[in-house]
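Given next are the chains, with one letter for each unit.
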Amino acid sequence: MSGDIERLGDAALMRLALEEAQAAAAAGDVPVGAVAVLAGAVIARQHNHKEEWNDPTAHAEILLLREVANRLGRWRLPDVTIYCTMEPCPMCAGAMVQARIGRLVYAVDDPRAGAAGSVFNLLQSPQLNHRVEITRGVLAEEAKAQLDAFFAMLRRRGQGEGQPDVEALTAGAEAAGAGE
Ligand code: ZN
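Residues numbered from 1 in each chain as written. Predicted model: local features only at pLDDT ≥ 70, side-chain atom pairs only at ≥ 80, totals over all residues.

K.L.:
Could you clarify how one ought to interpret the overall build of the protein chain in this entry?
P.N.:
Within the protein chain one finds six helices and five strands. Listing every helix and strand of the protein chain by position from the N terminus yields α-β-β-α-α-β-α-β-β-α-α. A buried classification covers 41% of the 180 residues belonging to the protein chain. (Helix = DSSP H or I, 4+ residues; strand = E, 2+ residues; numbered from the N terminus. Buried ≥ 20, exposed ≤ 12 C-beta atoms within 10 Å, placed from the backbone.)

This is the structure in structure tokens:
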């Protein structure tokens, strides 16, 4: 079931999510991108807009779920697979359970706040009413390099001062980057 063809498919789709993440970085947001796939076709792409919009909920995955549900005219999405460049946070993992998505594929772990197994596993909690299949580590090196480059750029610009959020994000990314 997860032979070479399937793996190639996952990598190609994750590349689209990485492109989305790059668009976030270009707008000054932490590079996180997400792509939704239904029946082998990409139906939506989104990236993080938290800084640009000053919206703490404007994570790529939340925006993606909204777009997909709107487009399909339903909020139950068991036939949808989401490709995300970073392990989802608790908010986004919670939204994925709410949407009953079938499968999540992500690139890099977030050992600081990841909710798909690193810190919590909300996607496969026996206490919740829905479980999501998870594939981890697809193009993790590329996603990590993208995050590292973004935070290196922030540090060069000296934006750490007076912006505690950036400090926290930097710590998070470095934790994510450190991997293990
Ligand atoms: Zn999130």
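Let's pick the thread back up.
K.L.:
What's the story with helix α3 (residues 60-72) in this structure? I'm lost.
P.N.:
Three- or four-residue spacings in an α-helix give side chains the same orientation, since the helix completes a turn every 3.6 residues. Given a rise of 1.5 Å per residue, 13 residues ought to cover 18 Å, and the 18 Å separating the end C-alpha atoms of α3 matches this to within 8%. One or two positions beyond α3, positive phi appears at Gly-73, with a value near 70°. (Expected span 1.5 Å × (residues − 1).)

K.L.:
Got a minute to help me understand the nonpolar core in this structure?
P.N.:
One recurring pattern in soluble globular proteins: nonpolar side chains tend to sit buried together. Ranked by internal contacts, the top residues of the largest apolar core, which has 50 residues, are Ile-82, Tyr-83, Met-96 and Leu-104. Here this core takes seven residues from helix α1 (residues 4-26), the largest share from any one element. Excluding residues within four positions of it along the chain, Met-96 makes contact with Glu-61, Ile-82, Pro-88, Ile-101, Leu-104, Leu-123 and Val-132. (Core = buried A, V, L, I, M, F, W, Y, C linked by C-beta atoms within 7 Å. Contact = placed C-beta atoms within 7 Å.)

K.L.:
Could you clarify how one ought to interpret the sheet that holds strand β5 (residues 133-135) in this entry?
P.N.:
As a general point, the strands of a sheet are linked pairwise by backbone hydrogen bonds and lie either parallel or antiparallel. A sheet is described by the order of its strands in space; here five strands give the open sequence β2-β1-β3-β4-β5, paired in mixed fashion. Looking at which strands have only one partner, the edges of the open sheet turn out to be β2 (41-47) and β5. In this sheet, adjacent strand axes meet at a mean angle of 20° when their direction is disregarded. In this structure, strand β4 (residues 103-108) lies alongside β5, joined through three bridges in parallel fashion. In the strand pairing of β5, Leu-104 is matched with Ile-134. On top of the sheet, α3 reaches β1 (33-38), β2 and β3 (80-86); it is set at about 140° to β2, its chief contact. Each of β3 and β4 is contacted by helix α5 (residues 140-157), which is oriented at about 55° to β4, the strand it contacts most. (Pairing = 2+ DSSP bridges. Axes fitted to C-alpha atoms, helices over the stretch in contact; angles between N-to-C directions.)

K.L.:
Sorry, what's going on with the pairing of β2 here?
P.N.:
Residues in a regular strand project their side chains so that they alternate between the two faces of the sheet. Both β1 and β2 contribute to a ladder of six bridges, which runs antiparallel. Paired with Val-37 across the bridge in β2 is Val-42. As consecutive antiparallel partners, β1 and β2 are separated by two residues, and within that stretch Ala-39 has a phi angle of approximately 50°, a positive value.

K.L.:
Help me understand unusual backbone geometry in this model?
P.N.:
Most of the time, phi is negative for any residue but glycine, and the peptide bond is trans. Here Ala-39, not a glycine, exhibits a phi torsion of approximately 50°, which is positive. Counting through the fold element by element, Ala-39 comes out in the loop between β1 and β2. By the C-beta count within 10 Å, which is 8 here, Ala-39 ends up exposed. Here Leu-139, not a glycine, exhibits a phi torsion of approximately 60°, which is positive. Tracing the backbone shows Leu-139 in the loop between β5 and α5.

K.L.:
Whenever I open this one, the pairing of β3 confuses me. Can you help?
P.N.:
Judged by how many residues are buried, β3 sits mostly within the fold: seven of seven residues are covered. As paired elements, β1 and β3 share five bridges and run antiparallel to each other. Its bridge partner lying in β3, Leu-38 is registered against Val-80. The pairing of β3 with β4 spans five bridges and is classified as parallel. Along β4, the bridge assignment pairs Met-86 with Val-108.

K.L.:
Would you mind showing me how to read the packing of α3 against helix α4 (residues 90-98) here?
P.N.:
To describe two helices that pack against each other, one gives the angle between their axes and the distance between the axes. Direction vectors running N to C along α3 and α4 enclose 20°, while the axes themselves pass 8 Å from each other. In terms of orientation, α3 lies roughly parallel with respect to α4. Along this stretch, α3 crosses α4, giving a crossing that reads as left-handed. Facing Glu-61, Ile-62 and Leu-65 of α3, the residues of α4 in contact are Met-91, Cys-92, Ala-95 and Met-96. (Parallel < 35°, antiparallel > 145°, perpendicular 65-115°, else oblique. Left-handed = near helix turned anticlockwise from the far one by under 90°.)

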